[in-house]
Amino acid sequence: MAITKAGVRQRAEAAIAIDAVVTEGRSLDWALARADEKLDPADRSMVRMLCFGCLRYHWQLRAQLRMLLERPLKARDSVIESLLIVGFFQLSDTRVPDHAAVSTTVDAARLLRRPKYAGLINAVLRNYMRRNISESEAQDDEARFNHPAWLIEHLRKDWPDHWQQIISANNDRAPMWLRVNGQHMTAAAYQQAHAIDGQLLPGADQALRLEKPAAVDELPGFELGHLSVQDAAAQMAAPWLLAGHPDGVVRVLDACAAPGGKTCHLLELLGADADLTAIDNDKKRLTSIQENLARLGMDATVLAADASKPGEWWNGVGFDRILLDAPCSATGVIRRHPDIKLLRRQEDIHALARRQRQMLAALWALLNPGGRLLYVTCSVLVEENEAVVGDFLSTHTDAREDRVLHDYNIRDLMYDKTPGFQVLPGTQGMDGFYFASLEKVSG
Ligand SMILES: C[S@@+](CC[C@H](N)C(=O)[O-])C[C@H]1O[C@@H](n2cnc3c(N)ncnc32)[C@H](O)[C@@H]1O
């Protein structure tokens, strides 16, 4: 493998992005968007691969770095620590030949305007190989499980029999799932029509898991609105919310809608019977709902609004169905966002749970008697899931949990949490999601 300028730039940009997450607390999405501005499109996937891997195995790689550095580098040179970690990850987990990994990483120090570190990086990486450091035994749970200590403890408490399974799924790569637009065809028909290498999920007619991730806009029918990218567990929400809906026009509120994945799925299922309002309090993210609606040729009322303050925007006409896909810790989608492990703090969970409770209580008033609210999170933590719904049920006499499951053979795929059901990350390749279906009792 030739040592190219592009290869050196990829390592340097990966180190900058990782450093932005680790030391500045930026999200990986933000850091990658900034890197993309400086990179040729052809270099972006390598930078992504390096960043995802280094953040996924952050604690293990950092512990290995401590074994090899006599003392930590100065805070202003934290990017060099990230660069060394990029070097380790290449040597331990990728097919990049060792000599290429070492020389691109050493040269990246020069590109980062820190030429004085070139010698140190060269020596540390060579030591890493010579002493077989990648095989060394982890000294603590953080390095062993590649999760922060508080989250390991939290998972142990909430999932005494499954915490290791969750952690191991979190450290895997996530597959790419498609939702084939049911107004056009089933996932099976799409797969057959275009000879797509992928797997169907029995019972989930629209879900197709690709064998290999692909550029979505190159997939047949994407521009025509025949498919969207959406995890199969996320695809459970729309049919569950709509099951048994009244005949005629159904008034639906999608209360935390951006970027609109579930909004569009609801519209695909309802067709002409939809009267859907999609709100989100993040104005910038509303654009992505509009773009998705336009691509799929669908229509909804889209508002910038706060779900916990309906008094500011609701016109007083009740809804038959409300989807509350609440902002949460996203601990069920760590595979897709490994930076969550570094950015989230224990105290965030309490604050999130308080917001979730406020939203649920505020939106309940907007539901028609006989209507259904589906509470959804992509969290696996009790505090954001069954604790929120359990307290809500005990203080709202007009609410009861509907425990009838619809579509998919989901009983086999979910854990019964009473109230609610949980899909754990990794189950059939799906993300971790929690669902609780609440009915407003008439009278
Ligand atoms: C889990 S995401 C929703 C994903 C979306 N339902 C989908 O399937 O594409 C949560 C969303 O809630 C929004 N949000 C957070 N607080 C909110 C609030 N108080 N009111 C309305 N939306 C809020 C966030 O901006 C974010 O877009």
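Residues numbered from 1 in each chain as written. Predicted model: local features only at pLDDT ≥ 70, side-chain atom pairs only at ≥ 80, totals over all residues. Heavy atoms only, no water.

With respect to the packing of aromatic side chains
No. 1: Following the criterion strictly, the structure yields nine aromatic pairs and no others.
No. 2: Ring centres of Phe-433 and Phe-435 lie 6.0 Å apart, and the angle between their planes is 20 degrees; on these two criteria the pair is classed as stacked. The pair formed by Phe-433 and Phe-435 is uniform in burial state, with each residue classed as buried.
No. 3: Aromatic ring contacts, followed pair by pair, group Trp-240, Phe-421, Phe-433 and Phe-435 into a single cluster.
No. 4: Lying across the ring of Trp-163, Arg-156 places its NZ or CZ 4.3 Å from the centre.
No. 5: Directly above the ring of Phe-319 sits Arg-251, whose terminal nitrogen or CZ lies 4.4 Å from the centroid. (Phe/Tyr/Trp six-rings, centres within 6.5 Å; stacked < 30°, edge-to-face > 60°. Buried < 20%, exposed > 50% of the residue type's maximum accessible area, 1.4 Å probe, protein only. Lys NZ or Arg CZ within 6 Å of the ring centre and 35° of its normal.)

Overview of the site of the ligand
No. 1: Surveying the vicinity of the ligand reveals 19 residues, the closest of which are Asp-280, Arg-285, Asp-306, Ala-307 and Asp-325.
No. 2: Take Pro-259: an N or O atom from its main chain is 3.5 Å from an oxygen atom of the ligand.
No. 3: Protein chains shield 87% of the accessible area of the ligand, which is 600 Å² for the free molecule.
No. 4: Of all the elements in the fold, those that place two or more residues in the shell around the ligand are α13 (261-270) and α16 (346-364).
No. 5: Along the lines of polarity and charge, the residues of the shell around the ligand split into nine nonpolar, three polar and seven charged. (Near = heavy atom within 4 Å. Polar contact = N/O pair within 3.5 Å; in protein donor to acceptor, adjacent residues only side chain to side chain. Areas by Shrake-Rupley, 256 points an atom, 1.4 Å probe, with all protein chains shown as cover. Helix = DSSP H or I, 4+ residues; strand = E, 2+ residues; numbered from the N terminus. Nonpolar A, V, L, I, M, F, W, Y, C, P; charged D, E, K, R; others polar.)

Description of a positive patch on the surface
No. 1: A cluster of basic residues, Arg-71, Lys-74, Arg-76 and Lys-116, forms a positive patch at the surface.
No. 2: Within the element layout of this structure, Lys-74 appears in the loop between α4 (58-68) and α5 (78-93). (Patch = residues over 30% accessible without salt bridge, like charges linked within 9 Å, V, L, I, M, F, W, Y side chains within 5 Å. Salt bridge = Lys/Arg side-chain N within 4 Å of Asp/Glu carboxyl O. Lys, Arg positive; Asp, Glu negative; His and termini not counted. Charge placed at Lys NZ, Arg CZ, Asp CG, Glu CD.)

Focus on the domain arrangement of the protein chain
No. 1: With domains assigned, the protein chain is organised as domain 1 (5-134), domain 2 (177-229) and domain 3 (234-440).
No. 2: Computed over C-alpha atoms, the centres of domain 1 and domain 2 are 36 Å apart. (Domains from an automatic or database assignment.)

Concerning helix α1 (residues 5-24)
No. 1: The end-to-end C-alpha distance of α1 is 27 Å, a good match for the 28 Å that 20 residues give at a rise of 1.5 Å each.
No. 2: Remark: Gly-25 follows α1 within two positions and exhibits a positive phi of approximately 70 degrees. (Expected span 1.5 Å × (residues − 1).)

Comments concerning the sheet that holds strand β3 (residues 204-210)
Neighbouring strands of a sheet are bound in pairs by backbone hydrogen bonds; such pairs are parallel or else antiparallel.
No. 1: Spatial strand order, β2-β3-β1-β4: four strands in an open sheet with antiparallel pairing. Edge positions in the open sheet fall to β2 (198-201) and β4 (227-229), since each of these has one partner strand only. Along the sheet, successive strands turn relative to each other by an average axial angle of 30 degrees, direction set aside.
No. 2: Here strand β1 (residues 177-180) pairs with β3 via three bridges, running antiparallel. Following the sheet pairing, Trp-177 is matched in β3 by Arg-209.
No. 3: Packing against the sheet, α13 makes contact with β1 and β4, and its axis sits at approximately 30 degrees to β1. (Pairing = 2+ DSSP bridges. Axes fitted to C-alpha atoms, helices over the stretch in contact; angles between N-to-C directions. Contact = heavy atoms within 4.5 Å.)

Quick look at the packing of α5 against helix α6 (residues 98-111)
Angle between the axes and distance between the axes: these two values describe a pair of packed helices.
No. 1: Interhelical geometry of α5 versus α6 gives an angle of 170 degrees and a closest axis separation of 9 Å. Relative to α6, the element α5 is oriented roughly antiparallel. Across from Ile-80, Leu-83, Gly-87, Gln-90 and Leu-91 in α5, the residues of α6 making contact are Asp-98, Ala-101, Val-102, Thr-104, Thr-105, Ala-108 and Ala-109.
No. 2: Tallied by class, the residues present in the contact of α5 with α6 amount to seven nonpolar, four polar and one charged. (Parallel < 35°, antiparallel > 145°, perpendicular 65-115°, else oblique.)

Digging into the side chain of Gln-230
No. 1: Relative to the helices and strands, Gln-230 is located in the loop between β4 and α12 (237-242).
No. 2: Residue classification places Gln-230 among the buried positions, given a relative accessible area of 6%.
No. 3: Polar contacts involving the side chain of Gln-230 include one to the side chain of Arg-179, which spans 2.8 Å.
No. 4: Those residues in contact with Gln-230, other than ones at most four positions away along the chain, are Trp-177, Leu-178, Arg-179, Gln-235, Gly-261, Lys-262 and His-265.

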